[in-house]
Amino acid sequence: MNADEILNSNYEMKNDSFLYYLLHKRIFHKDGLRKLCESIYVLAEANVNITHTAQKINVVYGQILKCFLYHFDANDPYIITNMPENYNRMINQLEKCVEFYFNTRISG
């Protein structure tokens, strides 16, 4: 899969995407997160339409963050069953990817 397909797969929450596993299976899929981060870096350096790509990245990033909020909310039944101990480092990597995308594509 290329970077655009990986982003679209997460945006549409298709099978085998990180967001699919996180939302529908409640599983933290490390390889899926790695692929998503790599695809965001690739898209940041590619000459693609920023409007649609930025919107998709924003939606995917927001959904991932919501899952973490729900996981840590004692009043919410949503639980990620295999939350890795180093989840904080992984989420920081995702944040860096998203930040890199916007810093690269939107120059002041």
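The structure contained in this document is the topic of the report that follows.

Procedures and definitions
Counting restarts for each chain: residues are numbered from 1 in the order of the written sequence. Per-residue local features are limited, in this predicted model, to residues with pLDDT of at least 70; the limit for side-chain atom pairs, both in listing and counting, is 80 or more; totals at the level of whole chains, interfaces and linings are taken over all residues. To get the side-chain values, take all heavy atoms of the structure and skip hydrogens and water. When the centres of two rings from Phe, Tyr and Trp lie within 6.5 Å, Trp using its six-membered ring, the rings pair. Their planes under 30 degrees apart give stacked, over 60 give edge-to-face, and anything left gives tilted. Counting from the N terminus, the helices are the DSSP runs of H or I reaching at least four residues and the strands are the DSSP runs of E reaching at least two. Each residue is assigned to one of three classes by its accessible area relative to the maximum for its type, calculated with a 1.4 Å probe on protein chains only: buried under 20%, partly exposed between the two thresholds, exposed over 50%. Charge-over-ring contacts are defined here by two conditions on Lys NZ or Arg CZ: a distance within 6 Å of the ring centre and an angle within 35 degrees of the ring normal. Any two residues whose heavy atoms approach within 4.5 Å at even a single point are treated as in contact.

1. With respect to the packing of aromatic side chains
Reasoning step 1: Overall, the coordinates contain seven aromatic pairs when judged by the stated rule.
Reasoning step 2: Ring geometry for Phe18 and Phe28: centres 5.3 Å apart, planes at 80 degrees, overall edge-to-face. A residue pair is termed long-range when its members are at least 10 positions apart, and Phe18 in helix α2 (residues 18-25) and Phe28 in the loop between α2 and α3 (30-45) qualify at ten residues. Of the two residues, Phe18 and Phe28, neither departs from the other in class, the shared state being buried.
Reasoning step 3: Aromatic rings pair up to connect Phe18, Phe28, Phe68, Phe72 and Tyr87 into one cluster.
Reasoning step 4: It is Lys56 that lies over the ring of Tyr11; its NZ or CZ is 5.8 Å from the centre.

2. Points about the side chain of Ser9
Reasoning step 1: Residue position: Ser9 is located in helix α1 (residues 3-11).
Reasoning step 2: When its relative accessible area of 7% is taken as the criterion, Ser9 is described as buried.
Reasoning step 3: For Ser9, the residues in contact, after removing those within four places along its chain, are Met1, Lys14, Asn15 and Ser17.

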